[in-house]
Number of protein chains: 2
Amino acid sequence: MQLNDHTDYGLRILMTLGASTTRRWSARELADLHGLSFTHVQKVVQSLEGANLVDTFRGRGGGVSLALPPSEITIGDVVSKLETHMNLVRCFGPGDSGCALEGGCALAAVLYRARAAFQTELDAVTLEAVINRTPFPASLTG
Amino acid sequence: MQLNDHTDYGLRILMTLGASTTRRWSARELADLHGLSFTHVQKVVQSLEGANLVDTFRGRGGGVSLALPPSEITIGDVVSKLETHMNLVRCFGPGDSGCALEGGCALAAVLYRARAAFQTELDAVTLEAVINRTPFPASLTG
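A quick note: this is a predicted structure, and the numbers were derived from the prediction, not measured.

1. A closer look at the pairing of strand 1 (residues 54–57) of chain B
Residue and element names in this part refer to chain B. Where strand 1 meets strand 2 (residues 63–66), four bridges bridge the pair, whose relative direction is antiparallel. When the sheet's bridge partners are listed, D55 is paired in strand 2 with S65. From the end of strand 1 to the start of strand 2, which pair antiparallel, there are five residues, and G59 there has a positive phi angle of about 80 degrees.

Written out as structure tokens, the structure is:
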């Protein structure tokens, strides 16, 4: 069980933006800082913009910055917006899961409960709280 | 975020075996019942056997059955044994995650906590409890 790389990288980028709210970052700078490909960062930034988590600005002085103060973004928001889906098993998704037990299966309820417990932990923590407890290298805040 | 299909199918197979502990099932029967390929079921059964959750018997009257009573298997056991890994993000895994924040990142602690909350819910429920609350089609218990 893992989060998509897209979410992993999105969280890293949001932490960077949140730790340096007085400046904007280019996709190139974010890619260099995090050792990711430029194209990958562009795609992640697009998703973050689509989720209304960042704003992007063109031209001189342009770049990416948070769309909201880090105190108003929870880790749960980010994960639920960036993950393609949170369907732990096939029967959580749309369409036919092909499962002979679908409908009355008590396992689904157990898995839904586990997923809710996971989400509750993430919803309780803001990006600001995470940033405040993380010692950032100077390269990230400069 | 999702569990591997392998785990999804493993859970379905264990529920089947647990709902009919007086008989053994062939991989072919399990495949037909769950609409899965024979090869896929064979691989899942191999993993279940490797995890000491099922026993397999060859020859006449052979097949697969639970290695333990359903009351002694928790859903958490099954998930943690069948999932390849539970590394939510790259820095949970071995080797270099490439993350500029690795080491002091407070996000990792938040994600570990969410994963623990997920696992705690699954550890609290036995296969027996799930089976007792699931109305099985006659084809599964016959």
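2. Notes on the environment of A:K81
All names here are of chain A. Along the chain, the position of K81 falls in helix 4 (residues 75–82). Judged by the 16 C-beta atoms lying within 10 Å of it, K81 falls in the partly exposed class. Residues within four places of K81 in sequence aside, it is in contact with A51 and L53.

3. So, the packing of helix 1 (residues 5–19) of chain B against helix 3 (residues 38–50) of chain B
Residues and elements named next belong to chain B. With their axes 10 Å apart at the nearest point, helix 1 and helix 3 run at an angle of 80 degrees to one another. Considered as vectors, helix 1 and helix 3 are oriented roughly perpendicular to each other. Across the interface between the two elements, H6, Y9, G10, I13 and L14 from helix 1 touch H40, V44, V45, S47 and L48 from helix 3.

4. Brief notes about the nonpolar core
Soluble globular proteins: nonpolar side chains tend toward being buried together. Among the nonpolar cores identified, the biggest contains 85 residues, and A:L14, A:I75, A:L107, B:L14, B:I75 and B:L107 are the most heavily contacted of them. With residues up to four places along the chain from it excluded, the contact list for B:L14 reads B:L48, B:L53, B:I73, B:V78 and B:L127.

5. Observations regarding the packing of helix 1 (residues 5–19) of chain A against helix 4 of chain A
All names here are of chain A. It is at 9 Å that the axes of helix 1 and helix 4 come closest, and there the two elements cross at 140 degrees. In terms of orientation, helix 1 and helix 4 fall into the oblique class. For helix 1 against helix 4, the interelement crossing comes out right-handed. Contacts between helix 1 and helix 4 involve H6, T7, G10, L11 and L14 from the former and V78, V79 and L82 from the latter.

6. Some thoughts on the relation of the copies chain A and chain B
With an axial shift of 0.0 Å and an RMSD of 0.0 Å, the rotation relating chain A to chain B amounts to 180 degrees. On this basis, the relationship between the two copies can be described by a two-fold rotation axis.

7. Let's talk about the interface of chain A and chain B
Quite often, the size of an interface is put as the accessible area lost when its parts meet. Of the residues lining the interface, 39 residues belong to chain A; the matching set on chain B comes to 39 residues. For the side of chain A that touches chain B, the secondary-structure elements that each account for two or more residues are helix 1, helix 2 (27–34) and helix 5 (106–123) of chain A. Ranked by residues supplied to the side of chain A that touches chain B, first place goes to helix 5 of chain A with nine residues.

8. Brief notes about the environment of A:L14
Take A:L14: it is sitting in helix 1. The spacing of A:L14 and A:M1 is 13 residues in sequence and 23 Å in space, taken between C-alpha atoms.

9. Quick look at helix 3 (residues 38–50) of chain A
Residues and elements named next belong to chain A. In a regular helix each residue adds 1.5 Å, so 13 residues correspond to 18 Å; helix 3 covers 18 Å between its end C-alpha atoms and thus fits that length. For helix 3, the set of buried residues is V41, V44, V45 and L48. Looking straight down helix 3, one finds that the buried residues subtend no more than 100 degrees of arc, so they occupy a single side. Turned more than 90 degrees off the buried face of helix 3, the exposed positions are T39 and G50. Among the structural elements, helix 1, helix 2, strand 1 (54–57) and strand 2 (63–66) are those in contact with the buried residues of helix 3. Following helix 3 by one or two positions, N52 adopts a phi angle in the positive range, close to 60 degrees.

Calculation notes
Residues numbered from 1 in each chain as written. Chains lettered and ligands numbered in written order. Predicted model: local features only at pLDDT ≥ 70, side-chain atom pairs only at ≥ 80, totals over all residues. Pairing = 2+ DSSP bridges. Helix = DSSP H or I, 4+ residues; strand = E, 2+ residues; numbered from the N terminus. Buried ≥ 20, exposed ≤ 12 C-beta atoms within 10 Å, placed from the backbone. Contact = placed C-beta atoms within 7 Å. Axes fitted to C-alpha atoms, helices over the stretch in contact; angles between N-to-C directions. Parallel < 35°, antiparallel > 145°, perpendicular 65-115°, else oblique. Core = buried A, V, L, I, M, F, W, Y, C linked by C-beta atoms within 7 Å. Left-handed = near helix turned anticlockwise from the far one by under 90°. Least-squares fit on C-alpha atoms with pLDDT ≥ 70 in both. Expected span 1.5 Å × (residues − 1). Arc of directions from axis to C-beta.

Everything listed here is a matter of coordinates, which is why it stays silent on function.
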